[in-house]
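One letter stands for each residue in the lines below.
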Amino acid sequence: MLKTGITAKREIMVTEENTAKALKSGALDVFATPAMIALMEETAWNSVQGELEEGCGTVGTALNVAHVSATPVGMKVTCETELVKVDKRALTFSVKAYDEAGLIGEGVHERFIVQNEKFQSKADAKRTE
């Protein structure tokens, strides 16, 4: 059973590949909002994966994040997540991202616990409908 308080941290470097220009979310060579969101989701799901029953995983269901400061290529970005609410299979995380100068993004991310095989089969069935 998952309990609140699980935390995680992940660091990445801002490279040409994860800029707004490269990811088509803008025209500048700064850390892209989609890259920040992906980092937040990855950090959150990895933080709880080891606590789930075998065959289970989580899927993202909601994200409310503000990207408050730009980060140039060459700087390190650190993401921190904390599981702040568990409601049966619904999980709520506080998510924050920092560069070496301070806060760059923060918000709330929700995930839902699923049985991986059942979830994948349901998604795959859409192709035959």
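Just so you know, these numbers come straight off a predicted model, no measurement behind them. (Residues numbered from 1 in each chain as written. Predicted model: local features only at pLDDT ≥ 70, side-chain atom pairs only at ≥ 80, totals over all residues. Heavy atoms only, no water.)

> Any chance you could break down the pattern of salt bridges for me, citing the residues and the numbers?
In total, this model carries 6 salt bridges according to the counting rule given. Residue K21 is joined to D29 by a salt bridge in which the shortest nitrogen-to-oxygen separation is 3.4 Å. Relative accessible area serves as the criterion here: at 43%, K21 is assigned to the partly exposed category. Given a relative accessible area of 34%, D29 falls into the partly exposed group. Residues E41 and R111 are paired through a salt bridge, measuring 3.0 Å at the closest nitrogen-oxygen approach. (Salt bridge = Lys/Arg side-chain N within 4 Å of Asp/Glu carboxyl O. Buried < 20%, exposed > 50% of the residue type's maximum accessible area, 1.4 Å probe, protein only.)

> Provide a residue-level description of a positive patch on the surface, including the pertinent values.
A contiguous patch of positive charge, built from R89, K118, K122 and K126, is present on the exposed surface. Locating K118 in the fold gives a position in helix α3 (residues 116–125). (Patch = residues over 30% accessible without salt bridge, like charges linked within 9 Å, V, L, I, M, F, W, Y side chains within 5 Å. Areas by Shrake-Rupley, 256 points an atom, 1.4 Å probe, with all protein chains shown as cover. Lys, Arg positive; Asp, Glu negative; His and termini not counted. Charge placed at Lys NZ, Arg CZ, Asp CG, Glu CD. Helix = DSSP H or I, 4+ residues; strand = E, 2+ residues; numbered from the N terminus.)

> Which residues make up helix α2 (residues 33–49), and what values go with them?
Over its 17 residues, α2 runs 24 Å from end to end, which matches the ideal 24 Å to within 8%, given 1.5 Å per residue. Within the sequence span of α2, burial applies to A35, M36, L39, M40, T43, A44, S47 and V48. (Expected span 1.5 Å × (residues − 1).)

> Report on the sheet that holds strand β1 (residues 7–13), specifying residues and quantitative values.
Here 5 strands make up an open sheet; going across it, the order is β1-β3-β4-β5-β2 and the pairing antiparallel. Both outer strands of the open sheet, β1 and β2 (56–67), are each paired with one neighbouring strand and no more. Between one strand and the next, the sheet's axes are offset by a mean angle of 25°, whatever the strand orientation. Of the strand pairs in this sheet, strand β4 (residues 90–99) and strand β5 (residues 102–115) are connected by 10 bridges, and their pairing is antiparallel. Within β5, the residue paired with K96 across the bridge is E106. Sitting on the sheet, α2 touches β1, β2, β3 (76–87), β4 and β5, and the angle it makes with β2 is about 140°. Strand contacts of α3: β2 and β5, with the helix running at about 90° to β5, the strand carrying the most contacts. (Pairing = 2+ DSSP bridges. Axes fitted to C-alpha atoms, helices over the stretch in contact; angles between N-to-C directions. Contact = heavy atoms within 4.5 Å.)

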